[in-house]
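Secondary and tertiary structure notes
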Amino acid sequence: MTVTAPTKTTTIGNFIDGEERSASTGETFEKIAPATGDVLSLAARSRAEDVDAAVTAAAAAQPAWAGRTVTERGTILRRVAQLLERDREEISAVVAAETGKAPKDAKGETDGSIEFGYFIAGEGRRFYGKTIPSATPNRQAMTVRQPLGVAGLIIAANTPLPNVAWKVFPALLCGNGAVLKASEDAPQSAVAFARLAAEAGVPPGVFNVVHGYGDEAGQPLVEDPRVAVVSFTGSTAVGRMIARVAGERLAKVCLELGGKNPLVVCDDADVNKAAEAAALSAFSNAGQRCAAGSRLIVFESVYDEFRSRLIELTEAQKVGSDDEHDFGPVINERQLENMLGAVERAREAGATVVTGGERLDRPGFYMAPTIVEGVAAESEISCTELFGPITTLHRVSSFEEAVATANASPYGLTAAIWTQSIHRGQEFVRRVVAGGVQVNGPTYGFEPHVPFGGEKDSGTGWREPGTEALDVYSDWKTVYVTHDPAGV
C-alpha cells in the first residue's frame with residue numbers, strides 16, 4: 001500500500017464493502033490542518049444513505065467472518081499489525097499532518113496501535129470461556145463467547161490511530177462486522193487503517209469507514225436497528241444522546257467519555273518530580289487527553305514550592321509541531337475558542353490566570369500552556385472538560401480535604417497522588433472515584449493491555465482496551481451437554 005501525507009488536493013472517500021467511494025451526494029468537507037490553519041484535504045460528507053450502505057455491507061459480510069475460527073481471525077489481525085509496522089513511517093506522517101503532532105509523538109501513537117494489534121491478535125488463541133460443574137449427573141456446563149453482529153464505532157481525533165485500533169481489533173476478533181464513523185478531524189488516518197486491513201485479508205464489508213459530521217453520519221449509525229453495539233469515545237454530552245437513542249432499542253452501548261482528572265501532591269511528596277508529572281499530565285498532547293491532569297490539588301505546606309516549580313516548567317514548554325517541541329496545536333478552531341472562552345469566564349469570576357490563557361500569535365490553533373488558580377471546586381473551569389493545555393491549582397490543608405476535592409467532580413476517569421506514605425497511597429486508591437489511579441505517577445499513560453474507562457460522567461462501566469474489551473464486542477452463551485453413560 002502506498003500511503004502519502006494528505007494535501008489540499010487529496011480527497012478522502014468512504015471505505016465501504018472493500019472499496020473507496022465518494023459520498024452519495026458527492027459532497028465533501030474541508031479538513032483543516034491544525035498546525036497551519038490551511039485546508040489539508042477534503043473528505044466525503046456522508047449522510048444516512050452512506051451509513052446504510054456501510055451497515056448493509058457489514059451485516060452481509062459478518063456471518064461468514066464469524067464462521068471462521070477465532071484463531072484464523074486473530075491471524076489476519078496479526079497481519080494488520082504487521083502491515084502497520086511495515087508502513088510505520090508513512091502512517092505516522094498522516095497522523096502528524098492531521099493532528100499537528102510532532103513526528104515523534106505520531107510515531108509513538110502508531111507504535112501503541114501496533115502493540116495493541118499484536119496483543120488482541122494473540123487473544124485468538126486465548127478466547128477462553130469456562131467449564132462449570134453441574135448438579136445434574138452426566139451433564140456438563142460451559143460458557144463460550146459469541147459475536148453480536150454489527151458494531152458501530154465512533155471515535156475522537158485526539159489520538160486517531162490508537163482510537164481506531166482500540167475498537168476495531170477487538171470488534172473484529174470477536175467476529176463482528178464493523179462500521180467506523182471516523183473523526184471529521186482525522187479522516188485519512190482511519191482510511192489508511194482500512195486499506196491495511198483489506199490488504200491483510202479482512203474480507204470486503206467486514207470493516208467499513210464513513211466520514212462526516214455527527215448529526216449527518218454518526219446519528220444514523222446509532223439509530224440503525226442492525227447495529228447491535230455502539231462504542232463511542234468523545235464528549236459526555238454526545239455520549240448521553242447515544243445512550244438515549246441506542247438504549248431505546250436495547251443496543252449495547254460502550255461510552256468512554258470525558259475526564260477532569262485530579263493529581264494530588266501531599267506534603268511528603270518529592271515536589272520536583274510531582275511538578276514534572278503534573279506538567280506532563282496537563283500539557284502533553286496539548287492537553288487533548290481524556291486522562292489529562294486538569295486539576296492539581298496541593299497541600300498548603302508545599303503549595304508555594306510546587307506552584308513556583310510548575311510555573312517554571314510551564315513557561316519552559318516549547319509549543320510547535322516539530323520533534324523539539326513539547327506539544328502542538330489543538331485540533332480545530334472551535335475547540336480553541338471554547339478554551340479561550342472558559343478561561344476568560346473564570347477570570348471574570350475572580351480567578352487568577354497565573355500564566356498563559358491566550359492564543360499564541362502564529363498560524364494554526366495554538367493555545368499557550370495555562371495555569372489558573374483561585375477557583376472553587378464546583379466552578380465551571382473546575383468541572384468542565386476543556387480538552388486543552390489548561391490546568392487549575394487547588395490549595396488544601398489535609399488528606400481528607402484532598403480526597404474530597406478530588407471527588408468533587410462530575411467525572412471519574414483517572415487520578416494520581418504523590419506521596420511517600422504507603423498508607424496515604426493505598427487509602428487514596430481505595431477512596432478516590434476513578435477508573436484508573438496512579439501512585440507517584442501521572443494521570444495518563446495506561447498501557448494497551450490494561451483496561452481503561454471511568455465512573456460517573458466518564459463512561460458506562462465498560463472497559464477498553466485490555467482483554468476486557470472482548471466483553472464489549474461479544475456476549476456469553478451458556479451451553480449444557482448431557483450424555484448417557486449407557487450409550488458408551
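Here goes a summary of the coordinates provided.

Each value, and the rule that gives it
- Position numbers for residues start from 1 in each chain and track the written sequence from start to end.
- Under the rules for a predicted model, residues below a pLDDT of 70 receive no local features and side-chain atom pairs below 80 are neither given nor counted, while totals for whole chains, interfaces and linings still include all residues.
- Calculation of side-chain values draws on the structure's entire complement of heavy atoms; hydrogens and water are dropped beforehand.
- Strands here are runs of E lasting at least two residues and helices are runs of H or I lasting at least four, both read from the DSSP assignment and numbered beginning at the N terminus.
- For a helix, the expected span equals 1.5 Å multiplied by the residue count minus one.
- Only protein chains enter the calculation, and the probe is 1.4 Å; a residue is then buried if its accessible area is under 20% of its type maximum, exposed if over 50%, and partly exposed in between.
- Throughout, a residue-residue contact means that at least one pair of heavy atoms, one from each residue, lies within 4.5 Å.
- Pairing of aromatic rings covers Phe, Tyr and Trp, the last counted by its six-membered ring, and requires centre-to-centre distances within 6.5 Å; plane angles under 30 degrees mean stacked, over 60 mean edge-to-face, and any other angle means tilted.
- Two limits define a charge over a ring: the Lys NZ or Arg CZ must be within 6 Å of the ring centre, and within 35 degrees of the ring normal.
- The salt bridge definition used is simple: a Lys or Arg side-chain nitrogen within 4 Å of an Asp or Glu carboxyl oxygen.
- Comment: axis = line fitted to C-alpha atoms, over the contacting stretch for helices; angle = value between 0 and 180 degrees taken between N-to-C directions.
- Our angle categories are set so that under 35 degrees counts as roughly parallel, over 145 as roughly antiparallel, 65 to 115 as roughly perpendicular, and the remainder as oblique.
- Left-handed describes a crossing whose near helix is turned anticlockwise from the far helix by less than a right angle; the clockwise case is right-handed.
- Three classes are used: nonpolar for Ala, Val, Leu, Ile, Met, Phe, Trp, Tyr, Cys and Pro, charged for Asp, Glu, Lys and Arg, and polar for all others, with Gly counted as polar.
- Buried residues of nine kinds, namely Ala, Val, Leu, Ile, Met, Phe, Trp, Tyr and Cys, make up a nonpolar core once their side-chain atoms join them within 4.5 Å.
- Two strands pair if DSSP finds at least two bridges between them.

As a further point, take helix 4 (residues 103-122). Under the 1.5 Å per step criterion, the end-to-end length of helix 4 is 29 Å for 20 residues, consistent within 8% with the ideal 28 Å. Within the sequence span of helix 4, burial applies to A106, E109, T110, S113, I114, F116, G117, I120, A121 and G122. Close packing links the buried residues of helix 4 with helix 2 (70-86), helix 3 (88-99), helix 5 (160-173) and helix 15 (469-472).

In the structure shown here, the tally under the stated rule is eight aromatic pairs. Centroid distance F116 to F169: 6.4 Å. Interplanar angle 75 degrees. Geometry classified as edge-to-face. Remark: F169 occurs in helix 5 and F116 occurs in helix 4; sequence separation between them is 53 residues. Accessibility classification places F116 together with F169 in one group, the buried group. A connected cluster of aromatic rings, assembled from ring pairs, spans F116, F119, F169, F193 and F207. If you follow R289 out to its NZ or CZ, it ends over the ring of Y444, 4.2 Å from the centre.

Our next topic: the pattern of salt bridges. Summed over the entire model, instances satisfying the criterion amount to 33 salt bridges. In this structure, the salt-bridge partner of E109 is K101, at a minimum N-O distance of 3.0 Å. For K101, a relative accessible area of 8% translates into the label buried. Of the charged contacts in the structure, one is a salt bridge between E312 and R309, with a shortest N-O distance of 3.2 Å. Taken together, the residues span about one helical turn, with E312 and R309 both in helix 10 (residues 300-315) at a distance of three residues. The exposure class of E312 is partly exposed, given its relative accessible area of 48%.

Between helix 2 and helix 5, the shortest axis-to-axis distance is 9 Å and the interhelical angle comes to 160 degrees. Between helix 2 and helix 5, the angle falls in the class roughly antiparallel. Helix-helix and strand crossings are classified by hand; for helix 2 and helix 5 the assignment is right-handed. Seen from helix 2, the contacting residues are V70, R73, G74, L77, V80, A81 and L84; seen from helix 5, they are L161, F169, L172 and L173. For the contact of helix 2 with helix 5, the class distribution of residues is nine nonpolar, one polar and one charged.

Core analysis: the biggest nonpolar cluster contains 60 residues, and F306 and F428 have the highest contact counts within it. For this core, the leading source of residues is helix 9 (residues 271-283), giving eight residues. Setting aside residues up to four positions removed in sequence, F306 forms contacts with V265, V271, A274, A275, A278, L296, V298 and L393. Residues F116, A171, C174 and V202 belong to the second largest nonpolar core, which totals 53 residues.

With that settled, the discussion passes to the sheet that holds strand 16 (residues 370-373). Here seven strands make up an open sheet; going across it, the order is 15-16-17-14-13-19-20 and the pairing mixed. Of all the strands in the sheet, the pair left with one neighbour each is strand 15 (352-355) and strand 20 (436-439). Across this sheet, the average inter-strand angle for adjacent strands is 20 degrees, counted without regard to direction. Bridging between strand 15 and strand 16 involves three bridges; their strand directions are antiparallel. Looking at strand 16, one finds that V353 is bridged to V372.

Residue E464 is joined to P465 through a cis peptide bond whose omega torsion reads 0 degrees. Positionally, P465 belongs in the loop between strand 21 (455-456) and helix 15. In the Ramachandran plot, K456 falls in the positive-phi region, its phi being about 50 degrees despite a non-glycine side chain. Taking relative accessible area as the criterion, K456 reaches 37% and is therefore assigned partly exposed.

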